Amino acid sequence: MKLHEYQAKDVFDEAGIAVPDSALASSPDEAVEAAESIGYPVAIKAQVQVGGRGKAGGIELVEDAPEAREAAHRIIGMDLKGLPVEDVLVEAAVDFDDELYVGVTMDRGEGQPVAMVSTRGGVDIEAVAAEEPDAIVREHVDPLFGMQRYESRKAVYEAGVDREVAGDVASILRTLYDLWEEKDATEIEVNPLMVTADDEVVAADAVMNVDGDALFRHPDLADMEEATAGDDLEAKADEYGFDLPRRRAGELPRHRRRRQGRARHERPGHGVRRRLRRGGRVQHLRRDHARRRGRDGHQRGAGAVRADPEASRGQARRHQRRGRHGDSQHRPGHRRGDPGVGRPARRRVRRGGVAVSVLVDADSRVVVQGITGGEGSFHTRQMVEYGTNVVAGAVPGKGGQAVEGIPVYDTVAGAARAAEADTSVVFVPPAFAADALLEALDAPLDLVVAITEGIPQQDMAHVYRKAAATDTHLVGPNCPGVITPGEAKLGILPGNIFSAGDVGLVSRSGTLTYQVVDNLTSRGIGQTTAVGIGGDPIIGTDFVDALKLFEADPDTRAVVMCGEIGGEDEEAAARYIGEHVDTPVAGFIAGRTAPPGKRMGHAGAIVSGSGTGTAESKIDALEEAGVPVGDTPEEVVDHVETFR
C-alpha cells in the first residue's frame, strides 16, 4: 500500500520531521485559496501514487494567483501513468542551499532493513545509484535492536553531510527508521531533504509504502488505502477470466477511500501546517529521541523468544541427532551466494531400492503447528495418508487433545520432548505465524516449513535474524512445502503427481512446481526432492541454499530451477551455479509476458539495482551460467531429457 505524498507528510509531521506548509485542493479555486493563505511562491503537486510526477508535468512552481489557477486547472484531471489526478497539494516553496537523500527500506537479500544517505539527493538519485554507488551510504540495521544513534551518525558522516546539519539529518534518519518499524513500512524516504540557508532541514517530498499484510495492526493507515494502478490489472484479469491473488478472509478491502488524514485539508487555507520555531531552528529537531524510542514501554528485541527452561534437553538430543545427519553449517540469513555456507543433505540410506533425498525422509518426525485449525487438520490428514510420520501437533491451550489420533501439545518444545519431533510444518494464521516460527526455532528442530501466506515483512525480518543464530533449516513462508516422493511430504503439495527418481526441483511458485512435476512424471522422470521455497521478499531457504543441497546429494543427477520476475535471487543463483555447481540445471522464469509493474520507489530501486529483477535479466544470467531456460514447462523437461 502506497500513501499519497500529503498522507506521508502528515505522518512525518506528526513524528516531528519538518515539512513545508501545505493544503490539499480539488479544484483550481481551492488551489488559489490555499496558495493565498500559504503565500507565494508555491508548488502545485499532483497527488497520485506513482513516481516521476515532475518529469511527467505533474509538479509546477507558481508565483501568483493566475499561475496557480492555470497550473491547477492543467494538473487536476490529467492522466499520469494510467491514474487520473483528482487532487493537488499546494505547498510552500522551499528556498534551499543543498539537497540530500535519506531513506529506509527492506534489503530482501540480507533479510534486514537498510538505511541510506546521500548528498546527491534529487530526481537523479537512481542514476547516482547505478553510476556512482559509493555516493550512497548504506547502513544495515539489526531489526531486533533497531537503529542505534551511532549507526545514524556513521551513515550521515560517511556520506559527507555538512557538520552544521549532520546532527539534524541523523535525527531525521532515526525518526524515519522508527516510523518504518512502527508503521510496518516496506519503504520510506525523503528525496529531496532540503537544507536551507538558515541550516534548517525540511522534507520537500515524502514516500511511504506500508506492508499490506500488516494493515490489521494499522486501521488508521488502512483507511487511507484506495484504488491504485494494480486495480486496473485486477480488473483486466477478471475480464479475461484470470485469477489474481486476492486478500484473504478478514483482511481489509483495497478500495476504501481515504478518510484519515484528509480532514485537516478539507477546507483549503485552513489546517495549514505551522511549525513552532525556537532560536530560528525547527523545534522538533531538538526532541529527545531516547524518549521517543521508549514510548509505550516498547523495547527493542522484545519480540525475541525466551529460551524454554527445559530446552536444554532438546538441545542435547539435537546434538545427538546431528551425529546422524552430519555437522550442520547452515545459517539462514547468510549473504546470498556466499560459497561455503550451507547445510549438507541428510545422510542417505536406501530402503527397498528407493533413495532417500534431502531435507525430509520417512524417518522425519513431524509436528504440525496449527493442527486444530481447518487448514492444519485437513493437510495433516493428507500428509498422513501420503505416509508422512506426523507424531504430534502443537497449539497453545489445546494440549491434551488429539487430531486424527495425533496427540496435541501446548508448545513445540513439549512436542519435541514427548514425541521426539524434529520437523515442523506451520499452518498458523499470518498475525501469529512469526511467533509460531520463533517458537519452532527455539525448540529446536532440524527443519521448519512455513506454509502460511501473508506474514508481514518486518515479522519475517525478526524470524530471519533468529534463524541465523540456529542450526534449523527454515523453508518458506508462503510456500507449498517439501516432498521426497514415496517417503514424506510436508505442506500442501499434491503427492499423486510426484514419483521417485533422480531429478531435484526448487521453485518459488507452487503452481509452477505442479506443472513441471506433472510433465516430468508423465515422461517417466522421477524426482529426488521438490522444494517450494516461496515467493515472499524474505524467506528462509533461497535458490542457492537449495542448489547446495542438491549438489551435495549423490542421487540427484539433474536439477530444475523455476523462478519468477521480481527480486534478484535468480541472478544470485546463476552466479553460484557458474562457480560451484557441477550438476546440470535446467531453468524456467515465469512472468515474461507480464505487463510492466508500477515503478518502485527510489529506495527499492537503489537496493535492488537497475536492470535486475526482470525476466530478461534472469534468463540472461542463467544462460550465461550454462543453464538452458525453457520457454514453457514442457521445454524445461525437454532440456532435462538431454541431461540423461
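See the structure shown above.
Quick summary incoming for the structure in this document. Every residue gets a number counted from 1 within its own chain, in the order that chain's sequence is written. Two thresholds apply to this predicted model, a pLDDT of at least 70 for residue-level local features and 80 or more for giving and counting side-chain atom pairs, whereas whole-chain, interface and lining totals are computed over all residues. Remark: hydrogens and water are excluded; side-chain values derive from all non-hydrogen atoms of the structure.

## Here's the deal with the pairing of strand β18 (residues 390-394)
Moving on, step 1. Accessible area is worked out with a 1.4 Å probe on protein chains only. A residue is then buried under 20% of its type maximum, exposed over 50%, and partly exposed in between. Strands here are runs of E lasting at least two residues and helices are runs of H or I lasting at least four, both read from the DSSP assignment and numbered beginning at the N terminus. Burial of β18 is extensive: 5 of the 5 residues sit out of reach of the surface.
Moving on, step 2. Across 4 bridges, strand β17 (residues 366-369) lies against β18 in parallel orientation. Bridge pairing in β18 links Val368 to Gly393.
Moving on, step 3. For β18 and strand β20 (residues 406-409), the ladder comprises 2 bridges, and the chain directions are parallel. Directly across from Gly393, in β20, lies its bridge partner Val408. Any two strands with at least two DSSP-identified bridges between them are counted as paired.

## Quick word on the pattern of salt bridges
Moving on, step 1. The rule for a salt bridge is simple: a side-chain nitrogen of Lys or Arg has to be within 4 Å of a carboxyl oxygen of Asp or Glu. Following the criterion strictly, the structure yields 24 salt bridges and no others.
Moving on, step 2. Ionic pairing is found between Arg74 and Glu60, a salt bridge with its closest N-O pair at 2.4 Å. With a gap of 14 residues between them, Arg74 in helix α3 (residues 65-75) and Glu60 in strand β3 (residues 59-62) connect regions that are remote in the sequence.
Moving on, step 3. The class of Glu60 is partly exposed, set by a relative accessible area of 28%.
Moving on, step 4. One salt bridge in this structure joins Arg381 and Glu404, with 3.6 Å as the shortest N-O distance. With a gap of 23 residues between them, Arg381 in helix α11 (residues 374-386) and Glu404 in the loop between β19 (402-403) and β20 connect regions that are remote in the sequence.
Moving on, step 5. Exposure remark for Glu404: the relative accessible area of 54% places this residue in the exposed category.

## A closer look at the layout of surface pockets
Moving on, step 1. Approximately 910 Å³ is the volume attributed to the second largest pocket.
Moving on, step 2. Mapped by element, the contributors of at least two residues to the lining of the second largest pocket are β2 (42-46), β3, β6 (88-92), β7 (96-107), α4 (125-131), β10 (185-196) and β12 (207-210).
Moving on, step 3. The element that contributes the greatest number of residues to the lining of the second largest pocket is β10, accounting for 5 residues. Grid spacing is 1 Å over the protein atoms alone, the probe is 1.4 Å, and a cavity is where that probe fits but cannot get out, while a pocket is an open set with protein on both sides within 12 Å along at least five of seven lines and lining residues have an atom within 4 Å of a point. Grid points are joined across faces, edges and corners, and a volume is the space filled by probe spheres set on the points.

## Quick look at helix α20 (residues 633-643)
Given 3.6 residues per helical turn, the α-helix brings residues three or four places apart onto the same face.
Moving on, step 1. The complete set of buried residues in α20 reads Pro633, Val636, Val637 and Val640. Buried residues in α20, looked at end-on, bunch into an arc of 95°, giving them a common side. The arc in question is the one spanned by the directions pointing from the helix axis to the C-beta atoms.

## Quick word on the sheet that holds strand β27 (residues 527-532)
Moving on, step 1. The strand order across the open sheet formed by 6 strands is β25-β24-β27-β26-β28-β29, and the pairing between neighbours is mixed. Each edge of the sheet is formed by a strand with only one pairing partner; in this case those strands are β25 (488-491) and β29 (585-590). Pairs of neighbouring strands in the sheet enclose a mean axial angle of 15°, with direction left out of account.
Moving on, step 2. Where strand β24 (residues 481-484) meets β25, 4 bridges bridge the pair, whose relative direction is antiparallel. Helix axes are fitted only over the stretch in contact, all axes being lines through C-alpha atoms; the angle between N-to-C directions runs from 0 to 180 degrees.

## Let's talk about the sheet that holds β2
Moving on, step 1. The strand order β1-β6-β2-β3 describes an open sheet built from 4 strands, whose pairing is antiparallel. Strand pairing shows two members of the sheet lacking a second neighbour, β1 (22-25) and β3, which therefore form its edges. If you compare each strand with its neighbour and ignore which way they point, the axes differ by 20° on average.
Moving on, step 2. Here β2 runs beside β3; their pairing, made up of 4 bridges, is antiparallel. Residue pairing in the sheet places Ala43 in a bridge with Leu61 of β3.
Moving on, step 3. Strands in contact with helix α1 (residues 5-15) are β1, β2 and β6; relative to β6, the strand with the most contacts, it is inclined by about 45°.
Moving on, step 4. Seen against the sheet, α3 touches β2, β3 and β6 and runs at an angle of roughly 170° to β3. Contacts are assigned to residue pairs with any non-hydrogen atoms lying within 4.5 Å of each other.

## Looking at the nonpolar core
Moving on, step 1. For this analysis, a nonpolar core means a set of buried residues of the types Ala, Val, Leu, Ile, Met, Phe, Trp, Tyr and Cys, connected via side-chain atoms within 4.5 Å. Grouped together as the largest cluster of nonpolar side chains are 75 residues, with contacts concentrated most on Phe12, Val161, Val169, Leu176, Leu193 and Leu437.
Moving on, step 2. Apart from the residues within four sequence positions on either side, Leu176 is in contact with Phe12, Ile17, Val102, Val104, Ile188 and Val190.

## A short note on the pairing of strand β28 (residues 558-564)
Moving on, step 1. Taking burial as the measure, the 7 residues of β28 include 6 buried ones, the bulk of the element.
Moving on, step 2. Pairing of strand β26 (residues 500-507) with β28, which is carried by 5 bridges, proceeds in the parallel orientation. Within the sheet, the bridge partner assigned to Val503 lies in β28 and is Ala558.
Moving on, step 3. As judged from the 6 bridges shared by β28 and β29, these two strands associate in the parallel manner. Directly across from Gly563, in β29, lies its bridge partner Ile589.
Moving on, step 4. Note on handedness: a clockwise path from strand one over the helix to strand two, with the strands aimed away from the viewer, defines a right-handed crossover. Taking the sense of rotation as the criterion, the β-α-β connection linking β28, helix α17 (residues 569-580) and β29 turns out right-handed.

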